[in-house]
Amino acid sequence: MRVIIESSAEKVALWSARYIVEQINAKARYTSSPFVLGLPTGSTPLATYRELIRLHRAGEVSFANVVTFNMDEYVGLDKTHEASYHRFMWDNFFREVDIRPENVNIPDGNAADPEHECAEYERRITEVGGIDLFMGGVGEDGHIAFNEPFSSLTSRTRIKTLTPETREVNSRFFGGDISQVPHTAITVGVGTVLSAKRVMILATGARKARAVRHAVEGSYNHQWTVSALQTHPSGIIVCDDDAAGELRVATYRYFKAIESSASGEL
């Protein structure tokens, strides 16, 4: 596992956006096949999306040959609802770049047959050759996507019941009213995420420090689903100093030294 520790949330956004651009452009140099990008919603990736938009406008990256797959969507929420993840992605990212609408994939929370929708989502990922890079966030309890604690670490896209804690945290997108937050969601599985060629998890703020500690120093276990990243050959955690606050000093220094050495700073 690679752990990037930056001094601020802003620098986490700059690093992660630049990494995405480098990966898109690197693939474009040797193939005409699309770059397949997995994406999250939530507060943490917003700054990364803003930086990606800036880099696009500066002419440093095009999304015209990028296919995206979002991590999740609420069940029963219309895509036009202001709290839907369809709406979030178009408002905060897609409409500001040159991505083709037909290349955007987000689970349909209003599908007539949700189980079929989950299977089709996995089929579409396979059909395009798999995900090149999956960016995600992490919950305070260590969940990735909507894979709540004790989810299977080999799971695939499916319907999940959301914990009261997750619904409470997400109620900020529903005017603070937890009763308006759906109880279930369609989510990619932990196994879906780990099948990507590269996985990058973002974590900012002190509230994510416990999750980062379990991801980096804890055991591989289904209570902290983010710990599954330990088994990925190209897994990266990008966090700020606050989110790294519960790491042991020796662990913190190790990862800082490794990255400084790689960039020629040591």
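Structure: above.
The paragraphs below set out a description of the structure included in this document.

Calculation rules
Per chain, residue numbering runs from 1 following the sequence as it is written. In keeping with the model being predicted, local features are shown solely for residues with a pLDDT of at least 70 and side-chain atom pairs are shown and tallied solely at 80 or more, while totals for entire chains, interfaces and linings include all residues. Side-chain numbers come from the whole structure's heavy atoms, not from hydrogens or water. Note on aromatic contacts: the rings of Phe and Tyr and the six-membered ring of Trp form a pair at centre separations within 6.5 Å, being stacked when their planes are under 30 degrees apart, edge-to-face when over 60 apart, and tilted otherwise. Where helices and strands are cited, they refer to DSSP runs of H or I of at least four residues and of E of at least two residues respectively, numbered from the N terminus. The buried label applies to any residue whose accessible area, calculated with a 1.4 Å probe on protein chains only, is under 20% of its type's maximum; exposed applies above 50%, and partly exposed to all values in between. The pairing criterion for strands is at least two bridges between them, as found by DSSP. As a rule, the C-alpha atoms of each element are fitted with a line to give its axis, helices using only the stretch in contact, and angles between N-to-C directions run from 0 to 180 degrees. Throughout, a contact is declared for two residues whenever any of their heavy atoms are within 4.5 Å. Throughout this description, any angle smaller than 35 degrees is read as roughly parallel, any larger than 145 degrees as roughly antiparallel, any in the 65 to 115 degree range as roughly perpendicular, and the remainder as oblique. Lys, Arg, Asp and Glu make up the charged group, whereas Ala, Val, Leu, Ile, Met, Phe, Trp, Tyr, Cys and Pro make up the nonpolar group; the residues left over, Gly among them, are polar.

A look at the packing of aromatic side chains
All told, the structure shown has 11 aromatic pairs when counted by the stated rule. Seen in terms of ring centroids, Tyr74 and Phe174 are 5.5 Å apart; in terms of plane orientation they differ by 80°. Their pairing is edge-to-face. Note that Tyr74 is positioned in strand β4 (residues 72–74) and Phe174 in the loop between α5 (164–170) and β8 (184–187), a separation of 100 residues in sequence. Each member of the pair, Tyr74 together with Phe174, is buried.

Observations concerning the sheet that holds β8
Either a parallel or an antiparallel arrangement is found when strands of a sheet pair, and the pairing is made through backbone hydrogen bonds. Taken in spatial order, the three strands of this open sheet run β4-β8-β7, and their pairing is antiparallel. In the strand order of this sheet, the two ends are held by β4 and β7 (158–161), each with one partner. Going across the sheet, the axis of each strand differs from the next one's by a mean of 30°, ignoring polarity. When β4 meets β8, the two strands line up antiparallel, connected through three bridges. By the bridge assignment for β8, Asp72 is matched with Thr187. Taken strand by strand, helix α4 (residues 114–127) contacts β7 and β8, and its axis lies near 120° from that of β7.

Considering the pairing of β8
Here β7 pairs with β8 via four bridges, running antiparallel. Bridge assignment links Lys160 to a residue of β8, and that residue is Ala185.

Considering the packing of helix α2 (residues 46–57) against helix α3 (residues 85–92)
Relative orientation of the contacting elements α2 and α3 amounts to 40°, with a least axis distance of 10 Å. Judged by the angle between their axes, α2 and α3 are oblique. Every residue of α3 that contacts α2 at Leu46, Tyr49 and Ile53 is listed here: Phe88, Met89 and Asn92. Partitioned by chemical class, the residues of the contact of α2 with α3 number five nonpolar, one polar and no charged.

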